[in-house]
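Spelled out from the first residue to the last, the chains are:
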Amino acid sequence: MQKEGYSAYLVGGCVRDLLLGREPKDFDVVTNADPEEIKKVFRNCRLIGRRFRLAHVHFGREVIEVATFRGAAESSNDEKQVLNNEGRLLRDNVYGTIEEDVWRRDFTVNALYYNIKDFSVVDYVNGMADHKAAQLKLIGDPETRFREDPVRMIRAVRFAVKLGFSIDVKCEQAMHKVADLLSSIPSARLYDEAIKLFLSGYGLQTFEMLRHYGLFKELFPATEHSLAVEDDGFPRQLLIKALENSDNRIADGKTVTAYFLFAAFLWEPVQIRAADKIVRGVPEYIAYQDAANEVISQQVKSTALPRHITMAMREVWTLQSKFNSRYGSKPSRLITHPRFRAGYDFLVLRAETGGADKELAEWWGKYQEANENDQRKMTQPPRKAAGGKSTRKRGYRPRVKKTSPGNEA
Ligand code: ATP
Ligand code: MG
């Protein structure tokens, strides 16, 4: 960009992270060139976005986002900037200069511009000092800025945890005050944010901090409710263990799945609803199915969990009752279920936190590891002590039949 005579800077997270000696997740560039001009500079460039055009410049597998400076949010009389009656920014789509661009960024540490021409950092908002002090401070009046875009509250938590920075007191006060404005954010955007929050490797800390600021209840209202209702330490433990496990997995470079975590978040709400139905005489199986449906359809109003995620969550839940059948042919079929591993991990989690039989979880652990012969032995029903007839001779290979009697645990 600079070779072509434009001014261009690295900005945002990459500058912030480089100053910490960390490897940035991605690189964002801002320039005074407009999108059409950017496109002319790079061969592998695609323009995206309808409201605010951005350029994506492809270098092999890397994508560098190149944006034109945005204009300042001067006043709400400005027809380019539209606020709703809660103060939320509905439109802000005007190009500007770097001096204007800086004011529409969120935190001072996210508003540092790195100029590769002379290796200087351009800092209009005292971002360097805040960076040194490890402080997250919003640019301008915190409440106004949170009202403009309530997602900034979640971003504050995400960055505080990820960077180990503290949130400035004025921002904290504003967060407590306007936390419930998050409910006005489209659920699809909140889902994306939830993924970033909980699959970042610091899920547990993030969860604690979101609760502290009253933000968690906006993302997972039923979960928050279940934490308040049950206070014997056990429902909260499942969720905490799930977060802890996935943080550990990420630290070990293993993969984590969103559905497993969200299944843990919503497990207790499903239990509570199902129990309520069972008391009112609904058959158990139907009670659980209905409870799952209701909890999910409530949840997607806050965070739009995609269908493949909710399907997988249901499968993990449904597997839980199936783990009770350990005799006969059922185990050998269950083990081939595509979600068996996730379901089993979930069972272990429940057992660890007092929600399932430890011995049952251990049994399934052994069963998976066992060879075919031992598996067959493990699934033979226990012989009755007296008078009970064993239908199977020693060494006899039981045929797998759909309706073998007495194979329930
Ligand atoms: P990371 O990518 O590591 O999560 P980041 O700071 O790069 O952190 P992005 O979401 O990639 O975060 O945004 C890039 C930059 O755009 C931010 O640093 C900030 O300056 C600006 N920005 C992003 N979202 C907002 C927002 N909701 N309000 C104001 N400025 C924002
Ligand atoms: Mg970024």
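Not measured: the values here are computed from a predicted model.

Q: What am I meant to see in the site of ligand 1 here?
A: Around ligand 1 sit 17 residues in total, of which R16, D149, R152, R158 and K162 are the nearest. Contact distances for ligand 1 include 2.9 Å between an oxygen atom and a side-chain N or O atom of R16. K162 has a polar side-chain atom sitting 2.7 Å from an oxygen atom of ligand 1. Protein contact buries 84% of the 590 Å² of open area that ligand 1 shows by itself. Elements supplying a minimum of two residues to the shell around ligand 1: α1 (13-19) and α6 (151-163). Here the element with the most residues in the shell around ligand 1 is α6; it accounts for 5 residues. Per-class residue counts for the shell around ligand 1 are 1 nonpolar, 3 polar and 13 charged.

Q: Explain the pairing of strand β2 (residues 28-31) here, please?
A: Remember that side chains alternate between the two faces of the sheet whenever the strand is regular. When strand β1 (residues 8-11) meets β2, the two strands line up antiparallel, connected through 4 bridges. Following the sheet pairing, A8 is matched in β2 by T31. Note that β2 and strand β5 (residues 62-68) share 4 bridges and pair parallel. Directly across from V30, in β5, lies its bridge partner A67.

Q: What exactly am I supposed to notice about the pairing of strand β8 (residues 112-115) here?
A: Both β1 and β8 contribute to a ladder of 2 bridges, which runs antiparallel. Counterpart to V11 in the pairing with β8 is Y113. Where β8 and strand β9 (residues 120-123) come together, 4 bridges link them in antiparallel fashion. If you follow N115 over to β9, its bridge partner there is S120. Between β8 and β9, which pair antiparallel and follow one another directly, the connecting turn spans 4 residues, one of which, F119, has a positive phi of 55 degrees.

Q: Whenever I open this one, the packing of aromatic side chains confuses me. Can you help?
A: Note on aromatic pairs: each is described by the distance of the centres and the angle between the planes. According to the stated counting rule, one finds 24 aromatic pairs in the structure shown. With a centroid separation of 6.0 Å and 85 degrees between ring planes, the pair formed by Y9 and Y113 is classed as edge-to-face. Remark: Y113 occurs in strand β8 and Y9 occurs in strand β1; sequence separation between them is 104 residues. In this pair, the class of Y9 matches that of Y113, namely buried. Aromatic pair F198 and F265: ring centres 5.1 Å apart, planes at 80 degrees, arrangement edge-to-face. Separated by 67 residues along the polypeptide, F198 in helix α8 (residues 187-198) and F265 in helix α13 (residues 258-279) bring together distant segments of the chain. A relative accessible area of 0% means that F198 is categorised as buried. Through successive ring pairs, a cluster of aromatic residues spans Y191, F198, F207, F216, F220, F262 and F265. Directly above the ring of F52 sits R70, whose terminal nitrogen or CZ lies 3.7 Å from the centroid. The positively charged end of R339 is found above the aromatic ring belonging to Y259, 4.7 Å away from the centroid.

Q: Explanation requested: the confidence of the model for the chain in the structure shown.
A: Caution applies to low-pLDDT parts of the model: their predicted coordinates are not meant to be read in detail. Residues with a pLDDT of 70 or more make up 88% of the chain, whose mean pLDDT is 88. With pLDDT under 50 throughout, residues 390-396 is counted as low confidence; its partners more than four residues away or in other chains account for 6 contacts.

Q: What's the story with unusual backbone geometry in this structure? I'm lost.
A: Negative phi is the rule for most residues except glycine; trans is the rule for most peptide bonds. Phi is positive for N126, which is not a glycine, with a value near 65 degrees. Checked against the element boundaries, N126 lands in the loop between β9 and α4 (127-132). Despite not being glycine, A134 shows a phi value in the positive range, around 55 degrees. Note on placement: A134 falls in the loop between α4 and β10 (135-136).

Q: What is the right way to look at the sheet that holds strand β4 (residues 54-59) in this model?
A: Hydrogen bonds between backbone groups are what pair the strands of a sheet, and the pairing can be parallel or antiparallel. Within the open sheet, the 7 strands sit side by side as β3-β4-β5-β2-β1-β8-β9. Their pairing is mixed. Bordering the open sheet on either side are β3 (45-48) and β9, each of which pairs with just one other strand. In this sheet, neighbouring strand axes are inclined to one another by 35 degrees on average, regardless of whether the strands run parallel or antiparallel.

Q: Please clarify how the side chain of T310 should be interpreted in this entry.
A: For T310, the position within the fold is in helix α15 (residues 307-322). In terms of polar contacts, T310 uses its side chain to reach the backbone carbonyl oxygen of R307, at 3.0 Å. Those residues within four positions of T310 in sequence are excluded, and the remaining contacts are I296 and L305.

Q: Sorry if this is basic, but what is going on with the side chain of T379 here?
A: Along the chain, T379 falls in the segment after α19 (372-378). Ignoring sequence-local partners within four residues, the contact set of T379 consists of R326, Y327, G328, P331, W363 and Y367.

Q: Just checking my understanding: could you explain the packing of α8 against α13 for this structure?
A: For any two helices packed against each other, one specifies the crossing angle of their axes together with the interaxial distance. Across the interface, α8 lies against α13 with an axial gap of 11 Å and an inter-helix angle of 95 degrees. By the angle between their axes, α8 is roughly perpendicular relative to α13. Contacts from Y191, A194, I195 and F198 in α8 reach A258, L261, F262 and F265 in α13. The residue makeup of the contact of α8 with α13, split by class, is 8 nonpolar, no polar and no charged.

Rules used throughout
Residues numbered from 1 in each chain as written. Chains lettered and ligands numbered in written order. Predicted model: local features only at pLDDT ≥ 70, side-chain atom pairs only at ≥ 80, totals over all residues. Heavy atoms only, no water. Near = heavy atom within 4 Å. Polar contact = N/O pair within 3.5 Å; in protein donor to acceptor, adjacent residues only side chain to side chain. Areas by Shrake-Rupley, 256 points an atom, 1.4 Å probe, with all protein chains shown as cover. Helix = DSSP H or I, 4+ residues; strand = E, 2+ residues; numbered from the N terminus. Nonpolar A, V, L, I, M, F, W, Y, C, P; charged D, E, K, R; others polar. Pairing = 2+ DSSP bridges. Phe/Tyr/Trp six-rings, centres within 6.5 Å; stacked < 30°, edge-to-face > 60°. Buried < 20%, exposed > 50% of the residue type's maximum accessible area, 1.4 Å probe, protein only. Lys NZ or Arg CZ within 6 Å of the ring centre and 35° of its normal. pLDDT = per-residue confidence, 0-100. Contact = heavy atoms within 4.5 Å. Axes fitted to C-alpha atoms, helices over the stretch in contact; angles between N-to-C directions. Parallel < 35°, antiparallel > 145°, perpendicular 65-115°, else oblique.

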